Amino acid sequence: MPRYMVERTFPEGLEIPMTAEGATSCLNVVDHNADLGVTWIHSYVTGDHHQTYCIYDGPNSEAIRRAAERNGLPVDRITQVSVLDPYFYR
């Protein structure tokens, strides 16, 4: 399945509390994504919480975009990516 990086901007900052409510919020995203065949792998959040770089697996970029819309999440850019790490050539 293709992998994508989704870049997002949160002008007011992204705050997900370390509580049951925050966990539920994240699990709701996972559930909404599954309906479209999209899997949230993980996200990187900048120190000021205004930008995120999220890694997803999904059938195509349109499914990624539709999942974001369902979850009320902004999308600046969606880029198909592949993994390259120091152990790639072993």
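1. Quick look at the sheet that holds strand β2 (residues 39–45)
Argument step 1. Strands sit in the order β2-β3-β1-β4 across an open sheet of four strands; the sheet is antiparallel. At either end of the open sheet lies a strand with only one pairing partner, and these are β2 and β4 (77–81). Mean inter-strand twist for the sheet, computed between neighbouring axes without regard to direction, equals 25 degrees.
Argument step 2. Examined bridge by bridge, strand β1 (residues 3–9) and β4 share five bridges and lie antiparallel to one another. Bridging across to β4, Met5 finds its partner in Thr79.
Argument step 3. Relative to the sheet, helix α2 (residues 61–70) contacts β1, β3 (51–57) and β4, its axis offset from that of β1 by approximately 40 degrees.

2. A look at the side chain of Arg8
Argument step 1. When you line up the elements, Arg8 lands in strand β1.
Argument step 2. Notably, Arg8 is buried but unbridged: the nearest opposite-charge side chain belongs to Asp76, and the N-O separation is 8.2 Å.

Analysis parameters
- Residues numbered from 1 in each chain as written.
- Predicted model: local features only at pLDDT ≥ 70, side-chain atom pairs only at ≥ 80, totals over all residues.
- Heavy atoms only, no water.
- Pairing = 2+ DSSP bridges.
- Helix = DSSP H or I, 4+ residues; strand = E, 2+ residues; numbered from the N terminus.
- Axes fitted to C-alpha atoms, helices over the stretch in contact; angles between N-to-C directions.
- Contact = heavy atoms within 4.5 Å.
- Buried < 20%, exposed > 50% of the residue type's maximum accessible area, 1.4 Å probe, protein only.
- Lys, Arg positive; Asp, Glu negative; His and termini not counted.
- Salt bridge = Lys/Arg side-chain N within 4 Å of Asp/Glu carboxyl O.

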